[in-house]
Amino acid sequence: MAAAATMAAAARELVLRAGTSDMEEEEGPLAGGPGLQEPLQLGELDITSDEFILDEVDVHIQANLEDELVKEALKTGVDLRHYSKQVELELQQIEQKSIRDYIQESENIASLHNQITACDAVLERMEQMLGAFQSDLSSISSEIRTLQEQSGAMNIRLRNRQAVRGKLGELVDGLVVPSALVTAILEAPVTEPRFLEQLQELDAKAAAVREQEARGTAACADVRGVLDRLRVKAVTKIREFILQKIYSFRKPMTNYQIPQTALLKYRFFYQFLLGNERATAKEIRDEYVETLSKIYLSYYRSYLGRLMKVQYEEVAEKDDLMGVEDTAKKGFFSKPSLRSRNTIFTLGTRGSVISPTELEAPILVPHTAQRGEQRITRRYAEFSSALVSINQTIPNERTMQLLGQLQVEVENFVLRVAAEFSSRKEQLVFLINNYDMMLGVLMERAADDSKEVESFQQLLNARTQEFIEELLSPPFGGLVAFVKEAEALIERGQAERLRGEEARVTQLIRGFGSSWKSSVESLSQDVMRSFTNFRNGTSIIQGALTQLIQLYHRFHRVLSQPQLRALPARAELINIHHLMVELKKHKPNF
């Protein structure tokens, strides 16, 4: 349709141009015959204007003549007037057809018009909504800024409250008296572990309240009454318990060392009394001192009485002659002779000294040897320290050689005597006590870097380490053996063999968890009974506990291997830090 319209316009222009030329030739430029059906449309062409230029008309005509449609019409000799009418007719037909199409599509066009109107209304509403939204956004922006400012202020308040909460929480935790503490102090016997734990908690809270009262904290008044009543109840129960233990010393034929050792487990009771009720602590101390004084006095009286009944040693003196008559004077101030002078010259049991049995017997009975050997080693240590002190001032090579030979002989002598004890543990106790005693005497006079001090220090350290291993072997020997075997397998790259040890590991975990406390308490008492030097005993107990912690830590590392990581019994393992805290409670306080 667009091509036809173009062609019609081109034809109309050609017809007009051709009609104009013919009329100029036939009728003149002003003729208006009937052949002219419609007025000449000159458009914007102004032939009366001075600006009319013929060259431009020629260019325009030449451009139209070069049109393909015009060339085709001129070539075929078509009558342009007839052709123009034909084109006009076709245009009218096309126009009518277009009108019919429009009429036929009028409903759709009306519907489209309605839709466009509706869309326009929707768009108008959207414009209004967007305008309202824009205004809302501006108000929201201001609200957001306000909220940001409020949020910043709230964050500052939150940080301040958190800081206050931390300090206030510590203060409240220190002041609040839990129900478990009240129940344990009021109802639990003093021998139960939870009473001791809650007593320590009560002591800590009492100290915290005193500290806060000194700072002027008003909240202390709320708990002071409760703490005072609990303190009075705890002091009453502790006083009755300790006095009962002290009174048990007074029973005839009582081994007072056993209840004394038992009281060491409750040494915190006396510490609590010193800090909270010094009058009661003084009462208990006086009662203890008086009781033990009476016990020791009775022992010494009995000992002295028995000594007085013992006869003097039957040794001949200058006045004991076979032909001299006993003419001892008896006066008011004279004492009767307790010797039987008739047996001075009898052989008695002295002949057994050279008997084969006595000659082949051990040099000394072990327990007798221990007392005698302590005396010998002390005399050696005193003699050696004196010579070492002199030799440091006036050096003498011969003296040093003799001291070295004497030291070797004394060491060999101590080893020979120690070999008389049946168990290795008793031998080590004997050696450690003697080495420690000799080392203490030597260090009073000799320099710390002297040969003798260094030698005995090395011997003491070696035997102490061996004693600790012997001490830990009975209760924890299975654990020691497993850890050593497992570490060896891991080092050789044979960790897969640990998969077959689940039952053994489970037994070790449960056995340790159920018996370690009693075992530690037992070995602590054993050390306290075995060593006369409390400081040395303290060092040995601390070394044993440290080695036990290291052993259990190595056990944890072994159980962290992939082969044992899924073992259910691992949940029953004691936390290593908890174990350290618990072992600190068994630290001896000499």
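A. Broad picture of the overall build of the protein. Secondary structure assignment for the protein yields 19 helices and zero strands. Here the protein, with 590 residues, has 27% of them falling under the buried criterion. Contacts spanning at least 24 positions in sequence make up 73% of the contacts within the protein whose residues lie at least 6 apart. For the protein, the accessible surface area stands at approximately 40,500 Å², while carbon and sulfur atoms represent 55% of it.

B. Structural view of the nonpolar core. One finds Phe467, Phe512, Tyr552 and Phe555 to be the most contacted residues of the largest nonpolar core, which totals 64 residues. Residue assignment for this core shows that the elements contributing at least two residues are helix 13 (366-393), helix 14 (397-418), helix 15 (424-445), helix 16 (451-491), helix 17 (502-530), helix 18 (534-559) and helix 19 (576-584). Top element by residues in this core is helix 16. It accounts for 13 residues. If you look at the next biggest cluster of nonpolar residues, it comprises 29 residues, including Leu175, Leu243, Phe272 and Ile284.

C. The arrangement of the pattern of salt bridges in detail. Taken as a whole, this structure holds 21 salt bridges when the rule is applied. Residues Arg424 and Glu466 are paired through a salt bridge, measuring 2.8 Å at the closest nitrogen-oxygen approach. With a gap of 42 residues between them, Arg424 in helix 15 and Glu466 in helix 16 connect regions that are remote in the sequence. Accessibility expressed as a relative area gives 32% for Arg424, which makes it partly exposed. The partner of Glu487 in a salt bridge is Arg554, and the shortest N-O contact between them spans 2.9 Å. You can see Glu487 sitting in helix 16 and its partner Arg554 sitting in helix 18, a full 67 residues away along the chain.

D. Spotlight on the packing of helix 7 (residues 193-214) against helix 8 (residues 220-248). Helix 8 packs onto helix 7 with a crossing angle of 140° between their chain directions and a minimal axis gap of 10 Å. Compared by their axis directions, helix 7 and helix 8 come out oblique. In the packing of helix 7 onto helix 8, the handedness of the crossing is left-handed. For the pair helix 7 and helix 8, contact is made by Phe195, Leu199, Leu202, Lys205, Ala206, Val209, Arg210, Gln212 and Glu213 and by Cys220, Val223, Arg224, Leu227, Leu230, Arg231, Ala234, Lys237 and Ile238, respectively. Split into classes, the residues belonging to the contact of helix 7 with helix 8 amount to 11 nonpolar, one polar and six charged.

E. Examining the side chain of Asp526 more closely. Position of Asp526 relative to the elements: it lies in helix 17. Other than its neighbours up to four places away in sequence, Asp526 contacts Lys425 and Leu471.

F. Up close: the packing of helix 7 against helix 10 (residues 267-276). The geometry of helix 7 relative to helix 10 is characterised by a closest axis approach of 11 Å and an angle of 20° between their N-to-C directions. Taken together, the axes of helix 7 and helix 10 are roughly parallel relative to one another. Relative to helix 10, helix 7 is oriented so that their crossing is left-handed. Where helix 7 approaches helix 10, its residues Phe195, Leu196, Leu199, Gln200, Leu202, Asp203, Ala206 and Arg210 are matched on the opposing element by Phe268, Phe269, Phe272, Gly275 and Asn276. A breakdown of the residues in the contact of helix 7 with helix 10 according to their chemical character gives eight nonpolar, three polar and two charged.

G. Examining the packing of aromatic side chains more closely. A complete count under the given rule lists 13 aromatic pairs for this structure. A ring pair is formed by Phe476 and Phe512, whose centres lie 5.6 Å apart and whose planes are at 50°; its orientation type is tilted. With Phe476 in helix 16 and Phe512 in helix 17, this residue pair connects regions lying 36 residues apart in the sequence. For the pair Phe476 and Phe512, a shared accessibility class is recorded, and that class is buried.

H. The confidence of the model for the protein, seen in detail. In this model, the protein carries an average pLDDT of 78, and 77% of its residues clear a pLDDT of 70 or more. Across the protein, the secondary-structure element scoring lowest on mean pLDDT is helix 1 (residues 2-26), at 46, and the one scoring highest is helix 16, at 91. Note on residues 1-5: pLDDT is under 50 here. Beyond four places in sequence and across chains, it has four contacts.

I. Broad picture of the environment of Arg557. Among the structural elements, Arg557 can be located in helix 18. Since its relative accessible area comes to 45%, Arg557 is described here as partly exposed. For Arg557 and Val483, which are 74 residues apart along the polypeptide, the C-alpha to C-alpha distance reads 9.5 Å.

J. Region of the structure containing the environment of Ser423. Here Ser423 is to be found in the loop between helix 14 and helix 15. Given the relative accessible area of 27%, Ser423 is considered partly exposed. One polar contact links the side chain of Ser423 to the main-chain amide nitrogen of Glu426, over a distance of 3.3 Å.

K. Inspection of the environment of Ile246 at higher detail. With respect to the element layout, Ile246 can be found in helix 8. For the pair Ile246 and Leu292, spaced 46 residues apart in sequence, the C-alpha to C-alpha distance is 8.7 Å. With residues up to four places along the chain from it excluded, the contact list for Ile246 reads Ile284, Glu287, Tyr288 and Thr291.

About the cut-offs
Per chain, residue numbering runs from 1 following the sequence as it is written. Whole-chain, interface and lining totals are the exception, using all residues; otherwise, since this is a predicted model, local features are given only for residues with pLDDT of at least 70 and side-chain atom pairs are given and counted only at 80 or more. The side-chain numbers reported here are obtained from all heavy atoms of the structure, hydrogens and water having been left aside. Here a strand is any run of E in DSSP of at least two residues, a helix any run of H or I of at least four, and the numbering for each starts at the N terminus. Only protein chains enter the area calculation, which uses a 1.4 Å probe; residues under 20% of their type maximum are buried, those over 50% are exposed, and those in between are partly exposed. Two residues qualify as a contact provided that any one of their heavy atoms is within 4.5 Å of a heavy atom in the partner residue. Exposure was quantified through the Shrake-Rupley algorithm and a 1.4 Å probe, taking into account, for residues, occlusion by the shown protein chains and nothing else. Among the buried residues, those of types Ala, Val, Leu, Ile, Met, Phe, Trp, Tyr and Cys that are joined through side-chain atoms within 4.5 Å form a nonpolar core. Counted as salt bridges are all cases of a side-chain nitrogen of Lys or Arg within 4 Å of a carboxyl oxygen of Asp or Glu. Here, axes are lines fitted to C-alpha atoms. For helices the fit covers the stretch in contact, and angles between N-to-C directions go from 0 to 180 degrees. Any angle from 65 to 115 degrees is called roughly perpendicular, while one under 35 is roughly parallel, one over 145 is roughly antiparallel, and all others are oblique. By convention, the crossing between two helices is left-handed when the near helix turns anticlockwise from the far helix through less than a right angle, and right-handed when the turn is clockwise. Side-chain classes follow a simple rule in which Ala, Val, Leu, Ile, Met, Phe, Trp, Tyr, Cys and Pro form the nonpolar group, Asp, Glu, Lys and Arg form the charged group, and the remainder, Gly included, forms the polar group. Note on aromatic contacts: the rings of Phe and Tyr and the six-membered ring of Trp form a pair at centre separations within 6.5 Å, being stacked when their planes are under 30 degrees apart, edge-to-face when over 60 apart, and tilted otherwise. Per residue, pLDDT measures the predictor's confidence, with a range of 0 to 100. Each polar contact in these results corresponds to two N or O atoms within 3.5 Å; when the atoms are within protein, one needs to be able to donate a hydrogen and the other to accept it, and residues that are neighboring in sequence are counted only if both atoms are side-chain atoms.

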